[in-house]
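Summary of structural features
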Amino acid sequence: LRGKIDRIDTYEDEEHIYVKIVDYKTGKQVFDLGDLCYGLQMQLVVYMNAAMEMSQQESDGKQIIPAGLFYYRVQDPIVEKVQDEEVLEGAFLKALRPDGIVLNSPEVIGHLDREIDQSSQVIPVSKNKNGTLAKASKVLTEEEFAIISEFANRQVRKVGKQILQGEASVSPYKLDQQSACKYCPYQAICGFDEKIDGYEYRELEKLKAEEAMEIMGEKLHQSNLTAATGGVNPLPDAFYIKVAQLEQIAPAVEFLNDKSYFPCVDLVRYGQDEVDNMIALSDTLERACMVVVVVMLFVALFLVNSTIRLTVATRGEEISIMKYVGATNVYVRIPFFLEGLIIGILGALIADVALYFGYDAVVEYIAQNAGFLDLMVNPGLMLLLMLILLVGGTLLGALGSNIAIRKYLRV
């Protein structure tokens, strides 16, 4: 392999040489262990391996320690203008803060940022009030650094062998909204098209950092086991299948157990009791949510109706006089209709604000205290829900005002 590392920083003491890698990017590149696990983002780790190997040759017996690897954004950030120069400088540093991973070591963190208090402005590390590292800090232990280093080395060797063997199958990946075809300059050559039978993406699941580390560790363990048994893996092959909905699990298991289609399948395990319990819980929660929504709709309609009714009641005599002198129903209805609309819109906006900030807070709290729960974060769906709330609130306000004023128009 040949390449150029943008920047290598080292720090030496009596026994160690600490190595830091920086790669400059014009876009806002984020280091993701899940992408590394899939072999999509190996650049920084390969750079670190090369830099540590070069440092080892000049180390005079000192231990080489990976301090951190980072992407640095080479762009002028746009921040809110303030009069306080220190606050402004802090905003710039926060916008320019590199993204990557840091060795979980007080000595290393202290060398990388000597002024860190609670949230570092130069590395992706923050501390709790008691001095411990916050959960949001992007750090790895020495053992975890060793795992990603060896994993990247083996991936490079694997890909190199595939290239030498002429393997060039058309099998692009797709991960959320990201795909290998998005900026590929060879689309016209490979001819990949989802509309043609036989062409499909390799659907990849978004991995959390802990999941990615566990998978990479297992792969290395399996490779070591194969090497120890003379190149033969004594364990049977296994396939992990993911379904889109819980209800699809039972039919999928029945199909996989059909020996006429899959004679080589010996065992299908999917945790039947847990799946049944999850389906029952999901159905119960769905029904409960529907009941709550219906009740809340009636409550909202009642509140709007009551508010408009109070307003109309105070002006009942005035409305009667207007009707006697020839005012049309539409003319009388318009002020109250607009008032109902405004009440509905204001209520919907309050709900939108609570949803926007409250859901993020709940997701962050659960991520820190109940990491086994994976809540969906979809900005597009969030905007759709906010729009539905706004339209629904407007319609409820209009309907409530119409019901409240109806009897006063019968003159």
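About the cut-offs
- Residues numbered from 1 in each chain as written.
- Predicted model: local features only at pLDDT ≥ 70, side-chain atom pairs only at ≥ 80, totals over all residues.
- Heavy atoms only, no water.
- Helix = DSSP H or I, 4+ residues; strand = E, 2+ residues; numbered from the N terminus.
- Rg over C-alpha atoms; globule rule 2.2 N^0.38 Å.
- Buried < 20%, exposed > 50% of the residue type's maximum accessible area, 1.4 Å probe, protein only.
- Contact = heavy atoms within 4.5 Å.
- Areas by Shrake-Rupley, 256 points an atom, 1.4 Å probe, with all protein chains shown as cover.
- Lys, Arg positive; Asp, Glu negative; His and termini not counted.
- Charge placed at Lys NZ, Arg CZ, Asp CG, Glu CD.
- Phe/Tyr/Trp six-rings, centres within 6.5 Å; stacked < 30°, edge-to-face > 60°.
- Pairing = 2+ DSSP bridges.
- Core = buried A, V, L, I, M, F, W, Y, C linked by side-chain atoms within 4.5 Å.
- 1 Å grid on protein atoms, 1.4 Å probe; cavity = no way out; pocket = protein on both sides within 12 Å on 5 of 7 lines; lining within 4 Å.
- Points joined across faces, edges and corners; volume = space filled by probe spheres on them.
- Nonpolar A, V, L, I, M, F, W, Y, C, P; charged D, E, K, R; others polar.
- Axes fitted to C-alpha atoms, helices over the stretch in contact; angles between N-to-C directions.
- Parallel < 35°, antiparallel > 145°, perpendicular 65-115°, else oblique.
- Expected span 1.5 Å × (residues − 1).
- Salt bridge = Lys/Arg side-chain N within 4 Å of Asp/Glu carboxyl O.
- Patch = residues over 30% accessible without salt bridge, like charges linked within 9 Å, V, L, I, M, F, W, Y side chains within 5 Å.

**Topic: the overall build of the protein chain**
Counting its regular elements, the protein chain contains twelve helices and eight strands. Its C-alpha atoms give the protein chain a radius of gyration of 31 Å, clearly above 22 Å, the size a compact globule of 411 residues would have. Dimensions of the protein chain, computed from C-alpha atoms along their principal axes, come out at roughly 105 × 75 × 50 Å. Here the protein chain, with 411 residues, has 27% of them falling under the buried criterion. Long-range contacts, defined as pairs at least 24 residues apart, comprise 66% of the intrachain contacts of the protein chain with a sequence gap of at least 6. Per element, the accessible surface of the protein chain, about 28700 Å² overall, is 58% carbon and sulfur. Side chains of the protein chain give 38 positive and 56 negative charges; the mean places of these two sets differ by 8 Å.

**Let's talk about the packing of aromatic side chains**
Per the counting criterion, the structure on display carries five aromatic pairs. Three or more aromatic residues joined by ring pairs make a cluster, and in this case those are Phe192, Tyr199 and Tyr201.

**So, the sheet that holds strand S6 (residues 173-175)**
Across a sheet, strands are paired by hydrogen bonds formed along the backbone, either parallel or antiparallel in direction. Read across the open sheet, the three strands follow the order S7-S6-S8; overall the sheet is mixed. A strand with exactly one partner marks an edge of an open sheet, and here the two such strands are strand S7 (178-179) and strand S8 (202-204). Here S6 runs beside S8; their pairing, made up of three bridges, is parallel. From the neighbouring strand, Lys174 faces S8, where its bridge partner is Glu203.

**Some points on the nonpolar core**
The nonpolar side chains of a soluble globular protein tend to be buried, and buried together. Formed by 41 residues in total, the largest nonpolar core has its most connected members in Ile21, Phe31, Leu33, Leu69, Ile148 and Met216. Judged by nonpolar contacts, the second largest core, of nine residues, contains Val304, Ile319, Ala327 and Val332.

**Digging into the layout of surface pockets**
As a volume, the second largest pocket reaches approximately 670 Å³. Along the wall of the second largest pocket there are 19 residues; nearest its centre are Met296, Leu297, Ala300, Leu389 and Leu396. Looking at the lining of the second largest pocket, the elements that each hand over two or more residues are helix H9 (272-314), helix H11 (329-369) and helix H12 (379-405). The leading source of residues in the lining of the second largest pocket is H9, at nine residues. Across the lining of the second largest pocket, the residue classes break down as 14 nonpolar, five polar and no charged.

**Looking at the packing of helix H2 (residues 43-57) against helix H5 (residues 142-164)**
The N-to-C vectors of H2 and H5 enclose an angle of 100°; their axes lie 9 Å apart at closest approach. When the interaxial angle is binned, H2 and H5 end up roughly perpendicular. Note on element contacts: H5 touches H2 through Ile148, Ser149, Ala152, Asn153 and Val156, opposite Val45, Val46 and Asn49. Considered class by class, the residues forming the contact of H2 with H5 number five nonpolar, three polar and no charged.

**A closer look at H12**
Its 27 residues place the ends of H12 39 Å apart at the C-alpha level, agreeing with the 39 Å of an ideal helix rising 1.5 Å per residue. Of all the residues in H12, the buried ones are Met382, Met386, Gly393, Leu396, Gly397, Ala398, Gly400, Ser401, Ala404 and Ile405.

**Thoughts on the sheet that holds strand S2 (residues 16-25)**
Spatial strand order, S1-S2-S3-S4-S5: five strands in an open sheet with mixed pairing. Only two strands of the sheet have a single neighbouring strand rather than two, namely strand S1 (7-12) and strand S5 (139-140). Strand direction decides the pairing type here: S2 and strand S3 (residues 63-73), joined by ten bridges, are parallel. Bridged to Lys25 within S3 is Arg73. Along the sheet, H2 contacts S1, S2 and S3; its crossing angle with S3, the most-contacted strand, is approximately 140°.

**With respect to the pattern of salt bridges**
Applying the stated criterion across every chain, the model contains eight salt bridges. Here the residues in one salt-bridge network are Arg7, Asp9 and Lys20, joined through shared partners.

**A word on the pairing of S3**
When you tally the buried positions in S3, you get eight out of eleven residues, the bulk of the element. As paired elements, S3 and strand S4 (residues 99-103) share four bridges and run antiparallel to each other. From the neighbouring strand, Phe70 faces S4, where its bridge partner is Gly100.

**Some points on the environment of Leu387**
Here Leu387 is to be found in helix H12. On the basis of relative accessible area, Leu387 is assigned to the partly exposed category, the value being 48%. Residues Leu387 and Asp352, spaced 35 residues apart in sequence, show a C-alpha to C-alpha distance of 8.4 Å.

**Some thoughts on a negative patch on the surface**
On the surface, Asp84, Glu85, Glu86 and Glu89 cluster together into a negatively charged patch. Turning to its location among the elements, Glu85 is positioned in helix H3 (residues 85-96).

**Topic: the pairing of S1**
As paired strands, S1 and S2 are joined by six bridges and run antiparallel to one another. In the strand pairing of S2, Ile8 is matched with Ile21. Turn length for the S1-S2 hairpin, with the two strands adjacent in sequence and antiparallel, is three residues.

**Quick look at the side chain of Ser126**
The topology assignment puts Ser126 in the loop between helix H4 (106-112) and S5. On the basis of relative accessibility, which here comes to 16%, the residue Ser126 falls in the buried class. Among residues more than four places away in sequence, those in contact with Ser126 are Gln118, Ser119, Thr132, Leu133, Ala134 and Ser137.

**Brief notes about unusual backbone geometry**
Of note in the backbone geometry, Asp60 takes a positive phi value of approximately 55° without being a glycine. Structurally, Asp60 can be placed in the loop between H2 and S3.

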